[in-house]
Amino acid sequence: MAAPKNRRSVFLGRLPLPERNYLADALRTETVGGVLLLVAAVAALIWANTPLRDGYETVRSFHFGPGALGLNLSVQHWAADGLLAVFFFVAGIELKRELVAGELRDPKAAVLPVVAAICGMAMPAIVYFSVATSGGGSTAGWAVPTATDIAFALAVLAVIGTSLPSALRAFLLTLAVVDDLFAILIIAIFFTQKLNFAVLGFAVVGLAVFWLLLRKGVRGWYIYVPLGVVNWALMYNSGVHATIAGVAMGLMLRCTRHEDEAHSPGEHIEHLVRPLSAGLAVPMFALFSAGVAISGGAVSDVFSRPETLGVVLGLVVGKAIGVFGGTWLAARFTRAELNPDLKWPDVLAVATLAGIGFTVSLLIGELAFTGNASLTDEVKAAVLLGSLIAATVASVLLKLRDNKYKKLCAAEDLDEDQDGIPDIYEQDNPAYHLRMAAILEAKAAEHRRLAEVAAGRTTGEDGPA
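Residues numbered from 1 in each chain as written. Predicted model: local features only at pLDDT ≥ 70, side-chain atom pairs only at ≥ 80, totals over all residues. Heavy atoms only, no water.

Moving on to the packing of aromatic side chains. Given two aromatic rings, one states the distance between the centres and the angle between the planes to describe the pair. One pass over the structure, following the stated rule, counts eleven aromatic pairs. Taking the centre distance of 5.1 Å and the plane angle of 85° together, the rings of W142 and F190 count as edge-to-face. Taken together, the residues span a long stretch of sequence, with W142 in the loop between α4 (107-134) and α5 (150-160) and F190 in helix α6 (residues 166-190) at a distance of 48 residues. One aromatic cluster in this structure is built from F62, F64, W78, W232 and Y236. (Phe/Tyr/Trp six-rings, centres within 6.5 Å; stacked < 30°, edge-to-face > 60°. Helix = DSSP H or I, 4+ residues; strand = E, 2+ residues; numbered from the N terminus.)

Here it is, written out as structure tokens:
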């Protein structure tokens, strides 16, 4: 008797209902934040390319803060080092949740998105390094095109008016979460300057106190917010990029639910803080970082300078090849079957969309070329242009399949029995079939009644009351 064949896993299959509901709530906020991010970026470009440009430079270079604590920073640095700590705090919670309750909790299921994300970061770095070295440019910016900006990507989807099935959105979000993890590691390892080990020790103690209070079940924002600010300040003065403090505290939160909890502490805090991150922190960072002078000559320089050309090609070509190629190879070697409702061109479209690397790419660009203001601005222009090209190409690819996506999304959302649970999740539930039979019978009875009324009017007889 032949041995039974191993059942092949399905890639981009239907999400569990709790995961789908969480995803919908999270991406709804990110979409609104992404639109605000787009508005802030456009406002920064207009502000920096009009007669008001001197005012723009004056505002973002204005310093304030307690100098005695080493925190007399410019507005631009407060946005990059301070407000983005909130963004990375949310990223830390997302990563923790993915590891304990999301797509990354099962090593077998995590292989595909993790491999795709790693390849999607490695290939842009390789493209940048190849272009920079062949053109005699600096290789310091190799990490600039490696990141994916989920908020910007979702804003593009909102602007072009297309909806992705939840499985594709979850894949994109997981890519972005793993991207954030490696971006954090890159910032911590490659962009940490001279360390002050004494201050770093105090920062570690502060994080340990934060963790201990969480484990003891201590509650109260008036305890955690001041402690978080202190930890951030200590991390900043230690020489490690201050956003690492946000990530570390996010990872410490518990993201698993107890039996008596509707939401875990991590989910609850993420629900509260995500609007602050998406609606204020990231747009403010974009407002004071994306303002670069753009002219015809500047745009042409982007394609002629090896560093900037490497960034553009890394985002547009490297990301698409890396994410798509990594996904295809991982699926082939793990014998995972693609969801029959989707095609590999759908994966390519999402891979191209992942080439939008706005927020973290701008941050790494500032860190990579510190001290060279002109090259920093040129690299920022390259990030903007590369993200725009990737968004345009992805929009075209997604629009080609828009009708299919709308049908899939409609099927996912259909709830004919109006019990708050999409019908697709109840197909194996006998109670669902009983309810649907009753609904269909009621509809059939109503149709018969209307037909009898119409027949009575046609013959001139009185219809039923």
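The next point concerns the confidence of the model for the chain. Averaged over all residues, the pLDDT of the chain is 85; the fraction at 70 or higher stands at 91%. Below pLDDT 50 for its whole length, residues 1-6 participates in zero contacts with residues either more than four positions away or in separate chains. (pLDDT = per-residue confidence, 0-100. Contact = heavy atoms within 4.5 Å.)

A separate point is helix α12 (residues 306-333). Residues separated by three or four positions in an α-helix point in the same direction, a consequence of the helix having 3.6 residues per turn. For α12, the principal kink sits at G314 and spans about 40°. R335 sits one or two positions beyond α12 and adopts a positive phi of about 55°. (Bend = angle between axes of the 7 residues up to and from the residue.)

Turning to a nonpolar patch on the surface, a few remarks are in order. Together, W221, Y222, V225 and V229 give the surface a local cluster of nonpolar side chains, amounting to about 490 Å² of exposed area. With respect to the helices and strands, the residue Y222 is situated in helix α8 (residues 221-238). Classification of Y222 as exposed rests on a relative accessible area of 54%. (Patch = residues over 30% accessible without salt bridge, like charges linked within 9 Å, V, L, I, M, F, W, Y side chains within 5 Å. Areas by Shrake-Rupley, 256 points an atom, 1.4 Å probe, with all protein chains shown as cover. Salt bridge = Lys/Arg side-chain N within 4 Å of Asp/Glu carboxyl O. Buried < 20%, exposed > 50% of the residue type's maximum accessible area, 1.4 Å probe, protein only.)

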